[in-house]
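A look at the structure
Chain residues, written in single-letter form:
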Amino acid sequence: MATVKINNKKYEVPALGFGHMEKLESEGYDVIAMFKKNQMFAPASAFIMLCVGCDREEANRLAEQHIYGGGNMQEIYMAFVKAIEESDFFRKVLGMEE
């Protein structure tokens, strides 16, 4: 299983599916819009929420700590992109079918 490092702690990356999309939407994330607008911080925060199992407020706090600790959002963003590429459901919803 893939992992992502946030604040020097490794978290397992979940296999993304319908429940994850619903959780993101219920927390106010518009995943389709985030990627169409080429945003980085909102997707990174959303991904932290899914990997850590926290709410949006805690994900944002962890993201901020990650940056203050010398990390960057690009690493987390790219881990999210990879997880999406490996998810049939997310690829379909985001219009990334081959």
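Some details on unusual backbone geometry
For residues besides glycine, phi is generally negative; the peptide bonds are generally trans as well. Of note, Asn7 is a non-glycine position whose phi angle comes to about 55°, a positive value. Mapped onto the secondary structure, Asn7 falls in the loop between strand S1 (3–6) and strand S2 (9–12). For Asn7, a relative accessible area of 25% corresponds to the partly exposed category. Unusually for a residue other than glycine, Asn8 sits at a positive phi of about 65°. Structurally, the position occupied by Asn8 is in the loop between S1 and S2. Accessibility expressed as a relative area gives 68% for Asn8, which makes it exposed.

Remarks on the pairing of S2
Pairing geometry for S1 and S2, over four bridges, is antiparallel. Within S2, the position partnered with Val4 by the bridge is Tyr11. Connecting the antiparallel pair S1 and S2 is a turn made up of two residues, with Asn7 showing a positive phi of about 55°.

Some remarks on the packing of helix H3 (residues 41–52) against helix H5 (residues 73–85)
H5 packs onto H3 with a crossing angle of 70° between their chain directions and a minimal axis gap of 8 Å. Relative to H5, H3 is oriented roughly perpendicular. Crossing of H3 over H5 shows left-handed handedness. Residues Phe41, Pro43, Ala44, Ala46, Phe47 and Ile48 of H3 form the contact with H5, whose participating residues are Met73, Ile76, Tyr77, Ala79, Phe80 and Ala83. Across the contact of H3 with H5, the residue classes break down as 12 nonpolar, no polar and no charged.

Here's the deal with the packing of aromatic side chains
Two aromatic rings are characterised by how far apart their centres lie and by the angle between their planes. In total, this model carries five aromatic pairs according to the counting rule given. Taking 4.9 Å as the distance between ring centres and 20° as the angle between the ring planes, the aromatic pair formed by Phe47 and Phe80 counts as stacked. A residue pair is termed long-range when its members are at least 10 positions apart, and Phe47 in helix H3 and Phe80 in helix H5 qualify at 33 residues. Judged by relative accessible area, which is 0%, Phe47 ranks as buried. With a relative accessible area of 0%, Phe80 lands in the buried category. Each residue in the set Phe35, Phe47, Tyr77 and Phe80 is aromatic and connected to the rest through ring pairs, giving one cluster.

Quick word on H3
Here H3 is 12 residues long and its end C-alpha atoms lie 16 Å apart, about the 16 Å a rise of 1.5 Å per residue gives. For H3, the buried fraction is high: nine of the 12 residues fall into the buried class. Burial in H3 covers these residues: Pro43, Ala44, Ser45, Ala46, Phe47, Ile48, Met49, Leu50 and Cys51. Buried residues along H3 sit against S1, S2, helix H1 (18–26), helix H2 (31–36), helix H4 (56–68) and H5. Positive backbone phi, approximately 85°, marks Gly53, located one or two places after H3.

Rules used in this analysis
Residues numbered from 1 in each chain as written. Predicted model: local features only at pLDDT ≥ 70, side-chain atom pairs only at ≥ 80, totals over all residues. Heavy atoms only, no water. Helix = DSSP H or I, 4+ residues; strand = E, 2+ residues; numbered from the N terminus. Buried < 20%, exposed > 50% of the residue type's maximum accessible area, 1.4 Å probe, protein only. Pairing = 2+ DSSP bridges. Axes fitted to C-alpha atoms, helices over the stretch in contact; angles between N-to-C directions. Parallel < 35°, antiparallel > 145°, perpendicular 65-115°, else oblique. Left-handed = near helix turned anticlockwise from the far one by under 90°. Contact = heavy atoms within 4.5 Å. Nonpolar A, V, L, I, M, F, W, Y, C, P; charged D, E, K, R; others polar. Phe/Tyr/Trp six-rings, centres within 6.5 Å; stacked < 30°, edge-to-face > 60°. Expected span 1.5 Å × (residues − 1).

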